[in-house]
Amino acid sequence: IESLKDRDFVTLKDFTKQEIASLLELAAKLKQQKKQGLPHQPLQGKTLGMVFEKSSTRTRVSFEAGIYQLGGVGLFLNTQDIQLGRGETIADTAKILSSYLDAIMIRTFNQSTVEQLAKHASIPVINGLTDLYHPCQVLADLLTMKEHKGNLEGLTLTYLGDGNNMAHSLMIGSAKMGMNVHIASPEEYKPLPEITIQAEQIAKENDGSIMITQDVEKAVQNSDIIYTDVWTSMGQEDEQAKRTEIFQTYRVNEELLKQAKPDAIFMHCLPAHRGEEVTTGVIDGNQSVVFEEAENRLHAQKALMVALMGNSFPQ
Ligand code: CP
Ligand code: NVA
């Protein structure tokens, strides 16, 4: 495959199945090197800017620790502290940051902010979550699924709850890898139609499939992976009461998990609200892989940074 150097990572749509597969392979290799205490510092002297307009534990810490482990350094840039928060344009910010840094990771509300930044920056821009997508999470999720299930092709992933950024990126990423994706959401909280159409097209090209339903029981049958996310995402706090009511029947509990395959794994991007979208019994039970999944953010994003910022991937 072509080198991924200098590419932006704005949505998984822009990457082929082979490119994603090679990122997962590199992630597994870097994970092993880390576990064995072997040196892996291909990004010596490189600097990653990390722009945050929303809260974060995993994304912030895994990117900062990851770039450091690779020999580089990360700069945490809260949008409230930089001039972007006082109205400096995205275009100007992109040009300035490009003259100092080697890549920019950004977590923000609008997908168009990431796209604008990518358009005006001469260095790679990585999407660290928007209202529409969370591709870094899905890269780590695919790595986790691979570790537990081997081949991704033909696996069935069922996502329950809000048709949000996670649902969108899971549909795209999993369909790319030839998986079957079931989304069970209330009618008003389905994934966006235009993204569903794109995911269906991607599924068709890669022998995957997409099913959108309101029927939770139907969705979980034969699933290898049960996935959920919070009912109220960052920025939607005003709608919390309404959402809590509407999503009640979409909670992942022990009963529901039993209807998936006996060896199904439970996943959640975290942070979780125990007792809301998932019961304590499920998230802290023996089918849950949420902490490995969170750890894999580190390894997957290290692979991504090496691929976009390094000089020798793939060889
Ligand atoms: N899953 C995830 O992105 O977590 P943070 O919001 O803590 O970064
Ligand atoms: N859907 C959640 C994911 C958090 C990682 C949110 O956007 O807040």
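Residues numbered from 1 in each chain as written. Chains lettered and ligands numbered in written order. Predicted model: local features only at pLDDT ≥ 70, side-chain atom pairs only at ≥ 80, totals over all residues.

## Focus: the site of ligand 1
Right, so step 1: Every residue near ligand 1 is listed here: Ser 56, Thr 57, Arg 58, Thr 59, Leu 129, Gln 137, Cys 269, Leu 270 and Pro 271.
Right, so step 2: Of the residues that constitute the shell around ligand 1, the class distribution is four nonpolar, four polar and one charged.
Right, so step 3: The residue makeup of the shell around ligand 1 includes at least three contributed by each of domain 1 (12–133 + 297–309) and domain 2 (137–294). (Near = placed C-beta within 6 Å. Nonpolar A, V, L, I, M, F, W, Y, C, P; charged D, E, K, R; others polar. Domains from an automatic or database assignment.)

## Comments concerning the UniProt feature "domain: Aspartate/ornithine carbamoyltransferase Asp/Orn-binding" (unreviewed entry) in the protein
Right, so step 1: Within this structure's numbering, the places UniProt gives as "domain: Aspartate/ornithine carbamoyltransferase Asp/Orn-binding" (unreviewed entry) are residues 153–307.
Right, so step 2: Helix makes up 41% of residues 153–307 and strand 15%, and the two end C-alpha atoms of the span are 24 Å apart. (UniProt positions renumbered as here; feature names shortened; annotations may be inferred. Helix = DSSP H or I, 4+ residues; strand = E, 2+ residues; numbered from the N terminus.)

## Quick word on the packing of helix H5 (residues 135–149) against helix H6 (residues 165–176)
Right, so step 1: With their axes 9 Å apart at the nearest point, H5 and H6 run at an angle of 50 degrees to one another. It follows from the interaxial angle that H5 and H6 lie oblique. By crossing handedness, the relation of H5 to H6 is classed as right-handed. On H6, the residues that touch Pro 135, Gln 137, Val 138 and Leu 142 of H5 are Met 166, Ser 169, Leu 170 and Gly 173.
Right, so step 2: For the contact of H5 with H6, the per-class residue count stands at five nonpolar, three polar and no charged. (Axes fitted to C-alpha atoms, helices over the stretch in contact; angles between N-to-C directions. Parallel < 35°, antiparallel > 145°, perpendicular 65-115°, else oblique. Left-handed = near helix turned anticlockwise from the far one by under 90°. Contact = placed C-beta atoms within 7 Å.)

## Observations regarding the site of ligand 2
Right, so step 1: All residues adjacent to ligand 2 are Leu 129, Asn 164, Asn 165, Met 166, Asp 229, Val 230, Ser 233, Met 234 and Cys 269.
Right, so step 2: Along the lines of polarity and charge, the residues of the shell around ligand 2 split into five nonpolar, three polar and one charged.

## A look at the sheet that holds strand S5 (residues 156–160)
Right, so step 1: An order of S7-S6-S5-S8-S9 is seen for the five strands of this open sheet, with the pairing classed as parallel. If you trace the sheet from one side to the other, it starts and ends with strand S7 (209–213) and strand S9 (265–268), each paired once. In this sheet, adjacent strand axes meet at a mean angle of 20 degrees when their direction is disregarded.
Right, so step 2: Where strand S8 (residues 225–228) lies against S9, four bridges are found, and the strand directions are parallel. Note on S9: the bridge partner recorded for Ile 226 is Phe 266. (Pairing = 2+ DSSP bridges.)

## A closer look at the sheet that holds strand S3 (residues 103–107)
Right, so step 1: Taken in spatial order, the four strands line up as S2-S1-S3-S4 in an open sheet, and their pairing is parallel. On the outer flanks of this sheet lie strand S2 (73–78) and strand S4 (125–127), each paired with one strand and no other. Strand-to-strand twist across the sheet, computed as the mean angle between neighbouring axes with direction ignored, equals 20 degrees.
Right, so step 2: In this structure, strand S1 (residues 47–52) lies alongside S3, joined through five bridges in parallel fashion. For Phe 52, the partnering residue across the bridge sits in S3 and is Arg 107.

## A word on the nonpolar core
Right, so step 1: Ala 103, Ile 104, Leu 304 and Met 305 are the most contacted members of the largest nonpolar core, which has 92 residues in total.
Right, so step 2: A per-element tally of this core places helix H12 (residues 290–309) first, with eight residues.
Right, so step 3: The residue makeup of this core includes at least three contributed by each of domain 1 (12–133 + 297–309) and domain 2 (137–294).
Right, so step 4: Ignoring sequence-local partners within four residues, the contact set of Met 305 consists of Leu 43, Leu 48, Gly 66, Ile 67, Leu 70 and Ala 103. (Core = buried A, V, L, I, M, F, W, Y, C linked by C-beta atoms within 7 Å. Buried ≥ 20, exposed ≤ 12 C-beta atoms within 10 Å, placed from the backbone.)

## Brief notes about the packing of H5 against H12
Right, so step 1: One way to put it is that H5 packs onto H12 with a least axis distance of 8 Å and a crossing angle of 110 degrees. Comparing the axis directions of H5 and H12 gives the class roughly perpendicular. You can see that H5 and H12 cross each other, and the crossing is right-handed. Along its contact with H5, which presents Cys 136, Leu 139, Ala 140, Asp 141, Leu 143 and Thr 144, the element H12 presents Glu 292, Glu 293, Asn 296, Arg 297, His 299, Ala 300, Gln 301 and Leu 304.

## A few points about H12
Right, so step 1: Over its 20 residues, H12 runs 28 Å from end to end, which matches the ideal 28 Å to within 8%, given 1.5 Å per residue.
Right, so step 2: Its axis deflected by about 30 degrees at Asn 296, H12 carries its strongest bend there.
Right, so step 3: The element H12 is largely enclosed, with a buried count of 16 among its 20 residues. (Expected span 1.5 Å × (residues − 1). Bend = angle between axes of the 7 residues up to and from the residue.)

## A word on the environment of Gly 87
Right, so step 1: Turning to its location among the elements, Gly 87 is positioned in the loop between S2 and helix H3 (90–100).
Right, so step 2: By C-beta crowding, Gly 87 is classed as exposed, having 6 other C-beta atoms within 10 Å.
Right, so step 3: Distance in space between the C-alpha atoms of Gly 87 and Ile 246 is 37 Å, their sequence separation being 159 residues.

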